[in-house]
Amino acid sequence: MKKLFIVAVAAVLVLGSCCKKKCECTCGNCCCSKADAAVVDEDAKVAIVADKALVDFSKYTADKDGYITLFNGENLDGWRGYGKDEAPASWNVEDGAIHLKGSGTGEAQMEGGGDLIFAHKFKNFDFEFEYKISEGGNSGVFYLAQEVTNSKGEYLPIWQSASEYQVLDNANHEDANQGVDGNRQAASLYDMIPAKPQNAKPFGEWNTAKITVFKGSVWHYQNGEEVLEYHLWTPKWKEMLDNSKFRADGEFPAAYNLLLNMGGENHEGYIGFQDHGDDVWYRNVRIKVRD
């Protein structure tokens, strides 16, 4: 079953009487090419949220501090690929950590690859994890994500519906030098807000991280320090989107509406780890669900 999140309607406007079902007119007021362009643009805005099976979260119990362990250190129970029914083959468990065996192909995601999500949607939470990135590596943690398809039933990339906590080897990956004011460096809200102070450890070393979401307010933490704060569904949030690569008239027209109302009608979504083609490790993955 799928739920229509955004309905794209392509309207063909008739100018005078020259437009025909097949564009054969030669008048100077021809609207055929304009109509074709409108169909393509509007179709690109279609985003359909897929209703896929979720884990029985009632079977997960909280510890004395209220945290629920999402990764048991032994297998990928509860996790699956984005748009898939099981975990991609590129993800495994290594020395008690979730490990992506990098393909070296960046976001191309070779066969057997793909982003990994925990199969439950969260709304208000404290999400904690540790990460270790490989030399020159790139990854990320998505939250409030949806599984979304276009009009052809093809899955859109997860980052078109979710915020991303950047995971990066700042010293050896070029993305650290791109964007604005370091907003593509580790712990940043990717391509939007830089993490300050920038306190990521070098590649091969474990970093602690936390993402807090509470009634639309979001905080990123790295190695024990708060590094950024922002507020969803506000005029400021819209302004940030309007000035980002996700803007309405940009390359990713479906993303703008998805992110503008991130989390959908219930303001909840998946947490996921990115396959960006580079080796990365995650451990001590746990969450405290808040009212």
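In this numbering scheme, every chain counts its residues from 1 along its sequence in written order. The predicted origin of the model limits local features to residues at a pLDDT of at least 70 and limits the giving and counting of side-chain atom pairs to 80 or more, whereas totals for whole chains, interfaces and linings rest on all residues. As a convention, hydrogens and water are excluded, and side-chain values are obtained from all of the structure's heavy atoms.

Participant: What is the right way to look at the overall build of the chain in this model?
Facilitator: Numbered from the N terminus, helices here are DSSP runs of H or I no shorter than four residues, and strands are runs of E no shorter than two. Helix and strand counts for the chain stand at 3 helices and 16 strands. Here the chain holds 291 residues, and the buried ones make up 49% of them. Accessible surface, the chain as shown: approximately 14100 Å² in total, 48% of it carbon and sulfur. With a 1.4 Å probe rolled over the protein chains alone, any residue whose accessible area is under 20% of its type maximum counts as buried; one over 50% counts as exposed, and the rest are partly exposed. Using the Shrake-Rupley algorithm and a 1.4 Å probe, accessible areas are obtained, with residue cover drawn only from the displayed protein chains.

Participant: For this particular structure, what's the right way to read the pattern of salt bridges?
Facilitator: Close approach of charged atoms lets side chains of opposite charge pair. By definition, a salt bridge exists where a carboxyl oxygen of Asp or Glu is found within 4 Å of a side-chain nitrogen of Lys or Arg. One pass over the full model with this rule turns up 13 salt bridges. Here Arg 286 and Glu 128 are joined by a salt bridge, their closest N and O atoms 3.0 Å apart. Highlighted residues: Arg 286 in strand β16 (residues 280-290) and Glu 128 in strand β8 (residues 124-133), separated in sequence by 158 residues. Under the relative-accessibility criterion, Arg 286 is labelled partly exposed at 24%. Here Lys 196 makes a salt bridge to Asp 181, at a shortest N to O gap of 2.7 Å. Within this pair, whereas Lys 196 is found in the loop between β11 (163-168) and β12 (207-214), its partner Asp 181 is found in the loop between β11 and β12, the two being separated by 15 residues in sequence. Using a relative accessible area of 52% as the deciding quantity, one classes Asp 181 as exposed. Because the salt bridges share partners, they merge into one network encompassing Asp 63, Glu 128 and Arg 286.

Participant: How should the environment of Glu 111 be read in this particular structure?
Facilitator: Take Glu 111: it is sitting in the loop between β6 (97-100) and β7 (116-118). Between the alpha carbons of Glu 111 and Ser 90 there is a distance of 8.7 Å; along the sequence they are 21 residues apart.

Participant: How should helix α3 (residues 253-260) be read in this particular structure?
Facilitator: Each α-helix turn comprises 3.6 residues. Residues three or four places apart therefore point the same way. For α3, the tally of buried residues reaches 6 of 8 residues, placing the bulk of the element in the interior. Pro 253, Ala 254, Ala 255, Tyr 256, Leu 258 and Leu 259 are the residues of α3 that are buried.

Participant: What is the right way to look at the packing of aromatic side chains in this model?
Facilitator: In this description, a pair of aromatic rings is defined by centroid distance and the angle of the planes. When the centres of two rings from Phe, Tyr and Trp lie within 6.5 Å, Trp using its six-membered ring, the rings pair. Their planes under 30 degrees apart give stacked, over 60 give edge-to-face, and anything left gives tilted. Taken as a whole, this structure holds 18 aromatic pairs when the rule is applied. Ring geometry for Tyr 82 and Tyr 155: centres 5.7 Å apart, planes at 70 degrees, overall edge-to-face. With a gap of 73 residues between them, Tyr 82 in the loop between β4 (79-81) and β5 (91-94) and Tyr 155 in the loop between β10 (148-149) and β11 connect regions that are remote in the sequence. The interplanar angle of 45 degrees and the centroid separation of 6.3 Å between the aromatic rings of Trp 159 and Phe 246 together place this pair among those described as tilted. You can see Trp 159 sitting in the loop between β10 and β11 and its partner Phe 246 sitting in the loop between α2 (235-242) and α3, a full 87 residues away along the chain. One exposure class covers both Trp 159 and Phe 246, and it is buried.

Participant: Please explain the sheet that holds β4 as it appears in this structure.
Facilitator: Two pairing modes exist for strands in a sheet, parallel and antiparallel, and in both the strands are linked by backbone hydrogen bonds. Taken in spatial order, the 5 strands of this open sheet run β4-β7-β15-β9-β11, and their pairing is antiparallel. At either margin of the open sheet sits one strand with a lone partner, and together these are β4 and β11. On average, each strand axis in the sheet is tilted by 25 degrees relative to the strand beside it, whichever way the strands run. Of the strand pairs in this sheet, strand β9 (residues 138-145) and strand β15 (residues 270-273) are connected by 3 bridges, and their pairing is antiparallel. What makes two strands pair is DSSP finding at least two bridges between them. Every axis in this analysis is a line fitted to C-alpha atoms, fitted for helices over the stretch in contact. Angles between the N-to-C directions lie between 0 and 180 degrees.

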